[in-house]
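Notes for the structure review
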Amino acid sequence: MPEYEENCEELFSYGTEIGRFSKQLKHSSYGFFHHLRGVSVVYGDINVLTEKARTYVEDKIDLCKPENIHICDGSESENRGLLSLLQKQGTIEALPKYENCWLARTNPADTARVESKTFICTEKKSDTIPTPAEGVKGTLGNWMSPYEMDKAVVERFNGCMKKRTMYVIPFSMGPVGSALSKIGIQITDSAYVVASMRIMTRIGQEVARAMTEDTEFVKCLHSVGTPANGVVDMPSWPCDPERTLILHKPQNMEIVSYGSGYGGNSLLGKKCFALRIGSTIAKREGWLAEHMLILGITRNGVKRYIAAAFPSACGKTNLAMMTPTLPGYKVECVGDDIAWMRFDENGQLRAINPENGFFGVAPGTSNASNPIAMKTIFKNTIFTNVAKTSDGGVYWEGMENDIDPNVEITDWLGKPWNKKSSKTPAAHPNSRFCTPASQCPIIDPQWESPEGVPISAILFGGRRPTGVPLITEAKNWKHAVFMGASLRSEATAAAEHKGKVIMHDPFAMRPFFGYNFGHYLQHWLSMEKRTTNLPKVFLVNWFRKNNEGKFLWPGFGENCRVLDWILRRLDNEDCALKTPIGFIPKKGSLNFNGLSNIDFDELFRIDPEFWKQEMSSIEKYFQEQVGEDLPQAISEECKSLKKHFDNY
Ligand code: OXD
Ligand code: MN
């Protein structure tokens, strides 16, 4: 075990009394070295694992055959040791301009979620995806049979951790001990993943100790893999892009991810657990696991919470951390990506943010667009695939005014970069910051409340350059579910899609459904039976452009004017006009004080030609993609709106 001992040097050199003591005695930091299935446990205490968790780990040791085992305790000294190890391996480098910040560069073939290689595994295909129409390729997820899954796992994982350390991470999605939280155990061979999971979730002893033999946990197995020919292109970022595969087996509450170290592919608490497996648990238990930010907004001393679903890289983090331009308003952030929501015994919808950090898209984040994020991210943060400055800082597109103009820039690939002469972006468009939520200066005082925060309104939104008004309120719950189902947006860099095509992204969940979308719609519709106090639902679009291609709405902090209108609607103010597509603001009812050149009529124009086409596309999409699984209520909403515009 020489390699690990060397790594332990690092761990211990930063170490606590325990670390130093155990090194002297040639023990692991928790006592004598233990073994699991004949493999040394070189760090951590196996006794903190429940019998069931230990059995799971033992099974995976037999499969992956690691060199040694590290049970993560989540401590500061463990983290420092791992960061130092990663530095030595060349995976990360220090960013001396900031406090405890790091830059990771991935293999350029591993920079985003890979939706085409992401599968849900069920006995029956129809439990996972609706049956698309004859000759049409389904876009609402990928299915794999249990037989194929088992085969794929053995092909990839057998011996995949030879000469590597297997890290075992007990983690909690949501505050440890909350009735709304869920626990997972992630096994991984990437120290980068451990350091990132420590930011994005609650990990370690605290979580392990909260588990009893009865605690159900989501089993998460991850390996960065090794290409079939055995040649690792970039030793600082091993991965196997050719054979990458992200698998979910809801029935076993199991996730298996191979070949990628990046973001949602490897930080399994996020998309795989909190959304895909989470949505199947939510269906079973009667709640909602959604791709939504949660914010608190205070006006005249009255506070309300809003959840909002936007596709990846459409500004969820900016909205969640908004600095309102209107005086007398305060926004506080509960979460920027995922909401777990359920109705409490009084029929009030309550939400928790299951995450512990922000894995935000870096490009576009600046002191102009999101000053709060900029105050959050410059300590204890891992940046991935951003550019670096010669004064030891970071740079990305959008930061032009936030850096010293004299610094030299090295792009995300490690090459000198120059704004004038370089033809490619300095930072990868999907480059990220991974930063603790607790550092956000406007983190909501209730963000870790075990019972969650009360949700009064839900927003859906996307990037729609034409046709879709700035804000529309749903007519009723069925219409609200229809609105979510018909959400469309321009493609972004968060996954492997290319170009600026308008894609259907129902509920901003298209890449994240854990089960058949038709059944998901039915589940949403059924919420009506759970309460008499449903939240109001709105569709927003900050991105409408005029004929010259200029944005009609300034967005960012000015979006508080739209939230203001929403709050007034929640107070039942008579400020809305009924239209076929829902309620829009009455002219003059949006607070435009201090704004000039806002073209209200154009922002809210309902162009029958556009809506005729939009409804045709939506109807076609439902028919081709959802078919028989489309709930009748949604099909009726669709038909009646389509008829209206066809007859216009
Ligand atoms: C994300 C995404 O990383 O949606 O949040 O892709
Ligand atoms: Mn997301």
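Our subject is the structure that appears above.
The sections below set out a description of the structure shown in this document. (Residues numbered from 1 in each chain as written. Chains lettered and ligands numbered in written order. Predicted model: local features only at pLDDT ≥ 70, side-chain atom pairs only at ≥ 80, totals over all residues. Heavy atoms only, no water.)

1. Some remarks on the sheet that holds strand β21 (residues 382-384)
Paired through backbone hydrogen bonds, the strands of a sheet run either parallel or antiparallel to each other. Put simply, the test is: Any two strands between which DSSP finds at least two bridges are classified as paired. Strands are runs of DSSP state E lasting at least 2 residues, helices are runs of H or I lasting at least 4, and numbering of each runs from the N terminus. With axes taken as lines fitted to C-alpha atoms, and helix axes fitted only over the stretch in contact, angles between N-to-C directions fall between 0 and 180 degrees. Note on contacts: a residue pair is in contact if any heavy atoms of the two residues lie within 4.5 Å.
Strand order in the open sheet made by the five strands is β4-β5-β21-β26-β20, with mixed pairing throughout. Looking at strand neighbours, the two that pair on one side only are β4 (92-94) and β20 (357-361), the edges of this open sheet. Neighbour to neighbour, the strand axes of the sheet diverge by 20° on average, direction disregarded. Pairing geometry for β4 and strand β5 (residues 102-104), over three bridges, is antiparallel. Bridging from a neighbouring strand, isoleucine 92 pairs with alanine 104 of β5. Lying on the sheet, helix α4 (residues 76-89) is in contact with β4 and β5; it crosses β4 at an angle near 105°.

2. Considerations on the packing of aromatic side chains
Note the threshold: For Phe, Tyr and Trp, where Trp contributes only its six-membered ring, two rings pair if their centres lie within 6.5 Å, and the inter-plane angle classes them as stacked under 30 degrees, edge-to-face over 60, or tilted in between. The cut-offs for exposure are 20% and 50% of the maximum accessible area for each residue type, with area from a 1.4 Å probe on protein chains only; residues under the lower value are buried, those over the upper are exposed, and the others partly exposed.
Under the counting rule described, the total for this entry stands at 31 aromatic pairs. Between phenylalanine 507 and tryptophan 524, the ring centres sit 4.9 Å apart and the planes meet at 50°, which makes this aromatic pair tilted. You can see phenylalanine 507 sitting in the loop between β30 (502-504) and α14 (517-525) and its partner tryptophan 524 sitting in helix α14, a full 17 residues away along the chain. Across the pair, tryptophan 524 and phenylalanine 507 agree in class, each one buried.

3. Regarding the sheet that holds strand β25 (residues 416-417)
With respect to topology, four strands assemble into an open sheet ordered β23-β22-β24-β25, the strand pairing being antiparallel. Only two strands of the sheet have a single partner each, and these edge strands are β23 (394-395) and β25. Of the strand pairs in this sheet, strand β22 (residues 387-389) and strand β24 (residues 409-410) are connected by two bridges, and their pairing is antiparallel. Paired with lysine 388 across the strands is threonine 410, a residue of β24.

4. Some details on the coordination of the manganese ion (ligand 2)
Six octahedral donors around a metal ideally sit at 90 or 180 degrees from one another, while four tetrahedral donors ideally sit at 109.5 degrees. The test is simple: Water is not part of the atom set, so a site may look incomplete; the donors themselves are N, O and S atoms within 2.8 Å of the metal, or 3.2 Å for Na, K and Ca.
Within the first shell, the manganese ion (ligand 2) binds the protein through Lys271 (NZ), His291 (NE2) and Asp337 (OD), at distances of 2.2 Å. The sequence pattern describing where the donors of the manganese ion (ligand 2) fall on their chain is K-x19-H-x45-D. One end of the pair, lysine 271, is in helix α10 (residues 269-285); the other, histidine 291, is in the loop between β14 (288-290) and β15 (292-299), and 20 residues separate them in sequence. The class of histidine 291 is buried, set by a relative accessible area of 0%.

5. Looking at unusual backbone geometry
Even without glycine at this site, asparagine 100 takes up a positive phi of about 50°. Tracing the sequence through the fold places asparagine 100 in the loop between β4 and β5. A positive phi angle is found at asparagine 572, which is not glycine, with a value near 60°. Here asparagine 572 lies in the loop between α15 (560-570) and β32 (576-579).

6. Quick look at the site of ligand 1
Put simply, the rule is: Here a residue is near a molecule or strand as soon as one of its heavy atoms is found within 4 Å of it. In the analysis that follows, any N or O atom pair within 3.5 Å is treated as a polar contact, provided that within protein one partner can donate a hydrogen and the other can accept it, and provided that, for residues neighboring in sequence, both atoms belong to side chains. Note on areas: Shrake-Rupley, 1.4 Å probe, and residue coverage restricted to the protein chains presented here.
Not every one of the nine residues close to ligand 1 is listed here, only the nearest: Arg113, Lys271, Ser312, Asp337 and Arg432. Within the side chain of lysine 271, one N or O atom sits 2.9 Å away from an oxygen atom of ligand 1. Aspartate 337 is positioned such that a nitrogen or oxygen atom in its side chain is 3.1 Å from an oxygen atom of ligand 1. For ligand 1, the accessible surface in isolation is 200 Å², of which the surrounding protein chains cover 94%.

7. Overview of helix α7 (residues 191-200)
The α-helix advances 3.6 residues per turn, and as a result positions three or four apart in sequence lie on the same side. Taken across its ten residues, α7 has nine buried, putting it largely inside the fold. When we look at burial in α7, the residues that qualify are Ala191, Tyr192, Val193, Val194, Ala195, Ser196, Met197, Ile199 and Met200. Put simply, serine 190 is the residue that caps the front of α7, since its side-chain oxygen is 3.3 Å from the backbone nitrogen of tyrosine 192.

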